[in-house]
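Coordinate inspection notes
The primary structure of each chain is shown beneath.
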Amino acid sequence: MNKIMQRSELAPSLYKYVVEAPMIARRAQPGQFVILRVHPQGERIPLTIADYDREQGTITIVFQEVGRTTRLLGALQQGEKILDLLGPLGEPTDHPQGKNAVCIGGGVGVAPVYPEAKSLHARGYQVTTIIGARTGELLFFEEEMAAVSDELYIATDDGSKGEKGFVTDVLQKLIDGGRSIDFVIAVGPIPMMKAVADLTRKYGIKTIVSLNSLMVDGTGMCGGCRVTVGGEVKFTCVDGPAFDAHLLDFDEQMRRLSMYKNLEKKQEVCD
Ligand code: FAD
Ligand code: FES
Ligand code: MG
């Protein structure tokens, strides 16, 4: 059982919890995630470790209510406990060569990109960050991101905050302006990550993306999270979640993510 020490609502249906988890906090690295359960008969869901404090013995998770389990989690209050929390899982992100990094986060993907930017910034990298959302109301971590970035750009689809357009529009402008970029780390919805990969491929800029594949056990046993990378089958839970975006089969990922849509809808109806 892991106690929720702090609970805040960052945007409608988007929560940040600081959770007591000293063993996980001690070993967590950027790119890793936890798998948690909220209900004894419930499923286990993966969430990124968005931050950790080794001294306080806490980790931070940021999640969007999208279905049954995230809604059960969102109903918990400060001081209540999460049933169980397993982690840190997955491989820490392996950063490519070079000192000029661009970190891109779209939607709830801003949370997984934050520890990457924080770690790169602390190690002396030049960090340019681009965060995007459909509308300004859904943006979060602007101050946190600004604190760990040399430059921060914001893009919203409706132009209500920052530049009107997509994160790829901002990236294209940086490239057109002659910005030196050694690598890009992008996390967000699959279409966004695919668009970033298509853009950077043209310029030969190494790109890493972090996948939110469907997971069951999170230990490499069930094969539920498989992906194809450079023609080889990999498991997101143990080989990822970060992969080379230029080798990844995004279309397969898109198909696999919607595999259980009908069952998930049915579950909503039953609730
Ligand atoms: P459901 O109605 O069951 O599903 C809604 C959608 O969520 C599905 O269509 C599917 O795309 C996805 N999903 C459902 N079950 C799973 C599962 N067992 N594993 C993975 N995806 C699933 N979300 C966040 O909001 N914040 C995060 O930091 C975050 N980090 C993630 C890190 C990793 C490594 C992975 C694999 C996923 C991450 N996700 C994150 C996605 C999160 O796990 C899903 O939103 C959650 O499982 C949805 O569960 P649900 O029952 O509320 O919704
Ligand atoms: Fe089962 Fe990755 S979740 S192999
Ligand atoms: Mg579910």
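The following paragraphs examine the structure supplied in this document.

About the cut-offs
- Residues numbered from 1 in each chain as written.
- Chains lettered and ligands numbered in written order.
- Predicted model: local features only at pLDDT ≥ 70, side-chain atom pairs only at ≥ 80, totals over all residues.
- Heavy atoms only, no water.
- Helix = DSSP H or I, 4+ residues; strand = E, 2+ residues; numbered from the N terminus.
- Buried < 20%, exposed > 50% of the residue type's maximum accessible area, 1.4 Å probe, protein only.
- Polar contact = N/O pair within 3.5 Å; in protein donor to acceptor, adjacent residues only side chain to side chain.
- Contact = heavy atoms within 4.5 Å.
- Core = buried A, V, L, I, M, F, W, Y, C linked by side-chain atoms within 4.5 Å.
- Axes fitted to C-alpha atoms, helices over the stretch in contact; angles between N-to-C directions.
- Parallel < 35°, antiparallel > 145°, perpendicular 65-115°, else oblique.
- Nonpolar A, V, L, I, M, F, W, Y, C, P; charged D, E, K, R; others polar.
- Near = heavy atom within 4 Å.
- Areas by Shrake-Rupley, 256 points an atom, 1.4 Å probe, with all protein chains shown as cover.
- Expected span 1.5 Å × (residues − 1).

Re the side chain of Gln253
Mapped onto the elements of the fold, Gln253 is located in helix 8 (residues 250-257). Classification of Gln253 by relative accessible area gives buried; the value is 1%. Here the side chain of Gln253 touches Ser213 through a polar contact of 3.2 Å, side chain to side chain. If we ignore the near neighbours within four places in the chain, the residues touching Gln253 are Ile190, Leu211, Ser213, Arg226 and Val227.

Thoughts on the nonpolar core
By size, the foremost hydrophobic cluster in this structure holds 28 residues, and its most contacted members are Val62, Leu120, Phe140, Phe141 and Met145. Counting only elements with at least two residues in this core, the list comes to strand 9 (100-106), helix 3 (110-122), strand 10 (126-133) and strand 13 (183-187). Residue contributions to this core peak at six residues, all from helix 3. Ignoring any residue separated from it by four or fewer positions in sequence, one finds Met145 in contact with Val110, Val113, Tyr114, Ala117, Thr129, Ile131 and Leu152. Counting residues in hydrophobic clusters, the runner-up holds 27 residues, among them Val102, Val167, Met193 and Ile205.

A closer look at the packing of helix 6 (residues 190-203) against helix 8
Relative to each other, helix 6 and helix 8 sit at 180°, their axes nearing to 10 Å. Here helix 6 lies roughly antiparallel to helix 8, going by the angle between them. Contacts between helix 6 and helix 8 involve Ile190, Pro191, Met193, Lys194 and Ala197 on the former and, on the latter, Phe250, Asp251, Gln253, Met254 and Leu257. Of the residues assigned to the contact of helix 6 with helix 8, the class counts are seven nonpolar, one polar and two charged.

Remarks on the site of ligand 1
Near ligand 1, the surroundings consist of 24 residues, among which Glu43, Pro46, Val62, Thr70 and Met215 are the closest. Thr48 places a side-chain nitrogen or oxygen 3.0 Å from a nitrogen atom of ligand 1. A distance of 3.2 Å separates an oxygen atom of ligand 1 from a polar backbone atom of Gly67. Notes on ligand 1: free accessible area 860 Å², of which the protein chains cover 88%. If you list the elements that add at least two residues to the shell around ligand 1, you get strand 4 (45-48), strand 6 (58-64), helix 2 (68-74) and helix 9 (261-270). For the shell around ligand 1, the element with the highest residue contribution is strand 4, accounting for four residues. Of the residues in the shell around ligand 1, the class split is twelve nonpolar, seven polar and five charged.

Some points on helix 6
A rise of 1.5 Å per residue sets the reference length of helix 6, with its 14 residues, at 20 Å; its end C-alpha atoms lie 20 Å apart and thus fit the reference within 8%. Restricting attention to buried positions, one finds in helix 6 the residues Ile190, Met192, Met193, Val196, Ala197, Leu199 and Thr200. Buried residues in helix 6 make contact with strand 9, helix 5 (167-176), strand 13, strand 14 (206-210) and helix 8. Looking one or two places after helix 6, you find Gly204, whose phi comes out positive at around 65°.

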